[in-house]
Amino acid sequence: MQTLNAIQRTQAAQILVDELPLGWPTLTDALDEVAELLGKRKRGGGGEGETLFLAAVEDGEVLGWAGILPTYSGNVYELHPLAVRRDCQRKGIGTALVKALEQAAKKCGGLTMYLGADDERPGGETSFANADLYDDLPGRIRGFEPGAHQAAFYMKLGYKIVGVLPDANGIGKPDIFLAKRL
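Enquirer: Can you walk me through the overall build of the protein in this structure?
Expert: Helices and strands together make up the secondary structure of the protein, namely 5 helices and 6 strands. Over its C-alpha atoms the protein spans a radius of gyration of 16 Å, differing by no more than 12% from the 16 Å that the globule rule assigns to 182 residues. Projected onto its principal axes, the C-alpha positions of the protein cover 50 × 35 × 30 Å. For the protein, with 182 residues in total, the buried portion stands at 40%. Once local pairs closer than 6 in sequence are excluded, the contacts in the protein between residues at least 24 apart make up 53%. Summed over all atoms, the accessible surface of the protein reaches about 9900 Å², with 51% contributed by carbon and sulfur. Side-chain charges in the protein split into 20 positive and 24 negative, and the spacing between the mean points of these groups amounts to 8 Å.

Here's what the structure looks like:
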């Protein structure tokens, strides 16, 4: 295991800006996120476990990266964030990062991995976008269609919808919570 140098930390941050601009619109925002994740060793008290940051690096260049954050006394880990360079997507990098982080969380005593996936792009990407999710939410979850949204990727890895926060990012723009038992 090695740490990322300053150039690689900037590369990781640039991936956030390029691939997840709604969450990290500027390089400064993304650099702050990288620094925060790398700076955390323990979250909270009570033996919650360690934050872990993994990067896929080839020839000194960051191709993708992800982190996990312990919650619920280390029983649950949040996957946050996961970002892979556009030219490296659909090559197994994201899958490898998620699986490695799942194993790490499990080794630390984690029972569940979860994440939040906002559906906030204009027009939406999933069947939850621009819908009244207060009307028969269980039925809407059963009939969920991820479209081009990242939820489809996570569902292929065995994650299930465990919750939805309607209008989290504005009217018709929900946050979708997915989780997987480790």
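Moving on from the coordinates now.
Enquirer: What exactly am I supposed to notice about the pairing of strand β2 (residues 61–71) here?
Expert: Counting buried positions along β2 yields 10 of 11 residues, so the element is predominantly enclosed. Note that strand β1 (residues 52–58) and β2 share 7 bridges and pair antiparallel. Residue Glu58 lies in a different strand from β2, and its bridge partner there is Glu61. Between β1 and the antiparallel strand that follows it, β2, lie 2 residues; Asp59 among them carries a positive phi value of about 50 degrees. Between β2 and strand β3 (residues 76–84), which follow one another and run antiparallel, lie 4 residues, and Tyr72 among them has a positive phi close to 50 degrees.

Enquirer: Would you take a moment to explain the nonpolar core for this structure?
Expert: Looking at soluble globular proteins, one finds that nonpolar side chains tend to be buried together. In terms of nonpolar packing, the biggest core is built from 29 residues, with Leu79, Met113, Tyr159 and Leu178 touching the most fellow members. Sorting the residues of this core by element identifies β2, β3, α3 (93–107), β4 (112–118), α5 (151–156), β5 (160–165) and β6 (175–181) as the ones contributing at least two each. Ala13, Leu16, Ala30 and Leu37 belong to the second-largest nonpolar core, a separate cluster that totals 15 residues.

Enquirer: What am I meant to see in the sheet that holds β6 here?
Expert: Strand order across the open sheet formed by 6 strands is β1-β2-β3-β4-β6-β5, with mixed pairing between neighbours. Of all the strands in the sheet, just β1 and β5 have a single pairing partner and so form its edges. The mean angle between the axes of side-by-side strands here comes to 25 degrees, regardless of whether they run parallel or antiparallel. Relative to β6, β4 runs antiparallel, the two sharing 7 bridges. Of the residues in β6, the one forming a bridge with Leu115 is Leu178. Against the sheet, helix α2 (residues 27–39) contacts β1, β2 and β3, and its axis sits at roughly 140 degrees relative to β3. Seen against the sheet, α3 touches β1, β2, β3, β4 and β6 and runs at an angle of roughly 30 degrees to β2.

Enquirer: Looking at this structure, I do not really get the pattern of salt bridges. What am I missing?
Expert: For side chains of opposite charge, pairing can occur when their charged atoms come near one another. Using the criterion set out here, one finds 5 salt bridges in the structure. Of the charged contacts in the structure, one is a salt bridge between Arg85 and Asp87, with a shortest N-O distance of 2.8 Å. Note on Arg85: relative accessible area 23%, which makes it partly exposed. The class for Asp87 is partly exposed, based on a relative accessible area of 48%. We note a salt bridge from Glu125 to Arg121, for which the minimum N-O separation is 3.2 Å. For Arg121, a relative accessible area of 40% gives the class partly exposed. When salt bridges that share partners are traced, they join Glu61, Arg85 and Asp87 into one network.

Enquirer: What exactly am I supposed to notice about a negative patch on the surface here?
Expert: Taken together, the side chains of Asp132, Asp135, Asp136 and Asp167 define an acidic patch exposed on the protein surface. Counting through the fold element by element, Asp135 comes out in the loop between β4 and α4 (137–142).

Enquirer: Explanation requested: the packing of helix α1 (residues 6–19) against α2 in the structure shown.
Expert: If you want to describe how two helices pack, look at the angle between their axes and the distance between the axes. Where α1 contacts α2, the axes come no closer than 8 Å and their chain directions differ by 120 degrees. Considered as vectors, α1 and α2 are oriented oblique to each other. Every pair of crossing elements has a handedness; the one defined by α1 and α2 is right-handed. The segment α1 lies against α2, with Arg9, Thr10, Ala12, Ala13, Gln14, Leu16 and Val17 engaging Leu27, Ala30, Leu31, Glu33, Val34 and Leu38. Its residues assigned to classes, the contact of α1 with α2 shows 9 nonpolar, 2 polar and 2 charged.

Basis of the calculations
Residues numbered from 1 in each chain as written. Predicted model: local features only at pLDDT ≥ 70, side-chain atom pairs only at ≥ 80, totals over all residues. Heavy atoms only, no water. Helix = DSSP H or I, 4+ residues; strand = E, 2+ residues; numbered from the N terminus. Rg over C-alpha atoms; globule rule 2.2 N^0.38 Å. Buried < 20%, exposed > 50% of the residue type's maximum accessible area, 1.4 Å probe, protein only. Contact = heavy atoms within 4.5 Å. Areas by Shrake-Rupley, 256 points an atom, 1.4 Å probe, with all protein chains shown as cover. Lys, Arg positive; Asp, Glu negative; His and termini not counted. Charge placed at Lys NZ, Arg CZ, Asp CG, Glu CD. Pairing = 2+ DSSP bridges. Core = buried A, V, L, I, M, F, W, Y, C linked by side-chain atoms within 4.5 Å. Axes fitted to C-alpha atoms, helices over the stretch in contact; angles between N-to-C directions. Salt bridge = Lys/Arg side-chain N within 4 Å of Asp/Glu carboxyl O. Patch = residues over 30% accessible without salt bridge, like charges linked within 9 Å, V, L, I, M, F, W, Y side chains within 5 Å. Parallel < 35°, antiparallel > 145°, perpendicular 65-115°, else oblique. Left-handed = near helix turned anticlockwise from the far one by under 90°. Nonpolar A, V, L, I, M, F, W, Y, C, P; charged D, E, K, R; others polar.

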